[in-house]
Amino acid sequence: AQPTSVALEDAYSIECWGGATFDVSMRFLRECPWDRLALLREKVPDVPFQMLLRGANAVGYTAYPDNAVFEFCDLAQKSGMDVFRVFDSLNYVENMRLGIDAVGTAGGIVESAISYTGDVSNPDRGLYDLEYYLKLTQELKDLGTHVLCIKDMAGLLKPNAATMLVSAIREQHPDLPIHVHTHDTAGTG
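Since this is a predicted model, take the numbers as computed values, not measurements.

Chemist: So what exactly am I meant to see when it comes to the overall build of the protein here?
Modeler: When helices and strands are tallied, the protein shows seven helices and six strands. Ordering the α and β elements of the protein from the N terminus gives α-β-α-α-β-α-β-α-β-α-β-α-β. A compact globule built from 189 residues should have a C-alpha radius of gyration of about 16 Å, and the protein, at 17 Å, falls within 12% of that. The dimensions of the protein, computed from C-alpha atoms along their principal axes, are 50 × 40 × 35 Å. The buried share of the protein, taken over its 189 residues, is 44%. The contacts in the protein between residues at least 6 apart in sequence include a share of 73% that link residues at least 24 apart. Here the protein displays about 9700 Å² of accessible surface, and carbon together with sulfur accounts for 54% of that area. Looking at the protein, you have 15 positive and 26 negative side-chain charges, and the mean spots of the two groups are 5 Å apart.

Put into structure tokens, the structure is as follows:
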């Protein structure tokens, strides 16, 4: 962690917690994820930490009661988490709303993620066109989003489509930071 602290001192954030890491640390490593977060924060005090929050599912695989998600986010923020990437793989805003509200109440940075699919550069591709993503962006911003993440989980976001999408969002929301997160291993991301 010490070399990471130096090497990434100018990074936006280090995504190091949440999602599957919470489950893996308990189930397979037999570690306390809270202790892990505290140790990381001690070793890397000056770079913002980021986690994945699955909306109403928090870091689990099922929806949790609202009070549990609020308490989890509050404790995570107090334990050193800064940026919470809130997402739903189907872009179901009602599932994301709970996570966005919980993070905002806890004082964390809300990075709402749009799960990208389709091809905005091809108008014949159906439902997931530019208008779909612009409407979704507006909904998420209205809920209290601080940063928008375009999450390309499947490596589908081609350079031309990325340019179109980011430019259109930037035109409508010039002050909204945009983070493109891709899982593309083919080299076009």
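Still to come is the rest of the account.
Chemist: Quick question: what am I supposed to make of the side chain of Asp 119 here?
Modeler: Positionally, Asp 119 belongs in the loop between β4 (109–115) and α6 (130–142). Among the polar contacts listed, one links the side chain of Asp 119 to the side chain of Ser 121, at a separation of 2.5 Å. Those residues within four positions of Asp 119 in sequence are excluded, and the remaining contacts are Arg 125, Tyr 128, Lys 158 and Ala 161.

Chemist: Would you mind showing me how to read the packing of helix α4 (residues 66–78) against helix α5 (residues 93–106) here?
Modeler: Two packed helices can be described by the angle between their axes and the distance between those axes. Close contact between α4 and α5 brings their axes to 8 Å; oriented N to C, the two are set at 40 degrees. As far as their axial angle goes, α5 and α4 are oblique. Taken as a pair, α4 and α5 cross one another with a handedness that is right-handed. Mapping the contact onto sequence places Asp 66, Val 69, Phe 70, Cys 73, Asp 74 and Gln 77 in α4 and Leu 98, Asp 101, Ala 102, Val 103, Thr 105 and Ala 106 in α5. Along the lines of polarity and charge, the residues of the contact of α4 with α5 split into seven nonpolar, two polar and three charged.

Chemist: Help me out: how do you make sense of the sheet that holds strand β5 (residues 147–152) in this one?
Modeler: The pairing of strands in a sheet comes from backbone hydrogen bonds and takes either a parallel or an antiparallel form. Ordered in space as β1-β2-β3-β4-β5-β6, the six strands form an open sheet in which the pairing is parallel. Each edge of the open sheet is held by one strand with a lone partner, namely β1 (14–18) and β6 (178–182). Taken pair by pair, the neighbouring strands of this sheet meet at an average axis angle of 30 degrees, ignoring direction. Looking at chain direction, strand β3 (residues 83–86) and β4 are connected through four bridges and run parallel. What sits directly across from Val 83, in β4, is Ile 109. With respect to the sheet, helix α3 (residues 33–43) is in contact with β1 and β2 (49–53), its orientation differing from that of β1 by roughly 160 degrees.

Chemist: Could you clarify how one ought to interpret the packing of aromatic side chains in this entry?
Modeler: Any pair of aromatic rings gets described here by the distance separating the centres and the angle formed by the planes. Taken as a whole and judged by the stated rule, the model has nine aromatic pairs. Aromatic ring contacts, followed pair by pair, group Trp 17, Phe 22, Trp 34 and Phe 72 into a single cluster. For Arg 41, the ring lying beneath its charged end belongs to Phe 49, and the centroid distance is 3.7 Å. Its guanidinium or amino end placed over the ring of Phe 87, Lys 151 lies 5.2 Å from that ring's centre, counting from NZ or CZ.

Chemist: I keep staring at unusual backbone geometry and nothing clicks. Help me out?
Modeler: Excluding glycine, residues mostly have negative phi values, and the peptide bonds linking residues are mostly trans. Within the chain, Ala 58 stands out as a residue other than glycine whose phi angle is a positive 50 degrees. Examined against the element boundaries, Ala 58 turns out to sit in the loop between β2 and α4. Overall, the relative accessible area of 5% leaves Ala 58 in the buried class. Of note in the backbone geometry, Asn 91 takes a positive phi value of approximately 60 degrees without being a glycine. Within the fold, Asn 91 resides in the loop between β3 and α5. Look at Asn 91 and you get buried, because its relative accessible area is 8%.

Rules behind the numbers
- Residues numbered from 1 in each chain as written.
- Predicted model: local features only at pLDDT ≥ 70, side-chain atom pairs only at ≥ 80, totals over all residues.
- Heavy atoms only, no water.
- Helix = DSSP H or I, 4+ residues; strand = E, 2+ residues; numbered from the N terminus.
- Rg over C-alpha atoms; globule rule 2.2 N^0.38 Å.
- Buried < 20%, exposed > 50% of the residue type's maximum accessible area, 1.4 Å probe, protein only.
- Contact = heavy atoms within 4.5 Å.
- Areas by Shrake-Rupley, 256 points an atom, 1.4 Å probe, with all protein chains shown as cover.
- Lys, Arg positive; Asp, Glu negative; His and termini not counted.
- Charge placed at Lys NZ, Arg CZ, Asp CG, Glu CD.
- Polar contact = N/O pair within 3.5 Å; in protein donor to acceptor, adjacent residues only side chain to side chain.
- Axes fitted to C-alpha atoms, helices over the stretch in contact; angles between N-to-C directions.
- Parallel < 35°, antiparallel > 145°, perpendicular 65-115°, else oblique.
- Left-handed = near helix turned anticlockwise from the far one by under 90°.
- Nonpolar A, V, L, I, M, F, W, Y, C, P; charged D, E, K, R; others polar.
- Pairing = 2+ DSSP bridges.
- Phe/Tyr/Trp six-rings, centres within 6.5 Å; stacked < 30°, edge-to-face > 60°.
- Lys NZ or Arg CZ within 6 Å of the ring centre and 35° of its normal.

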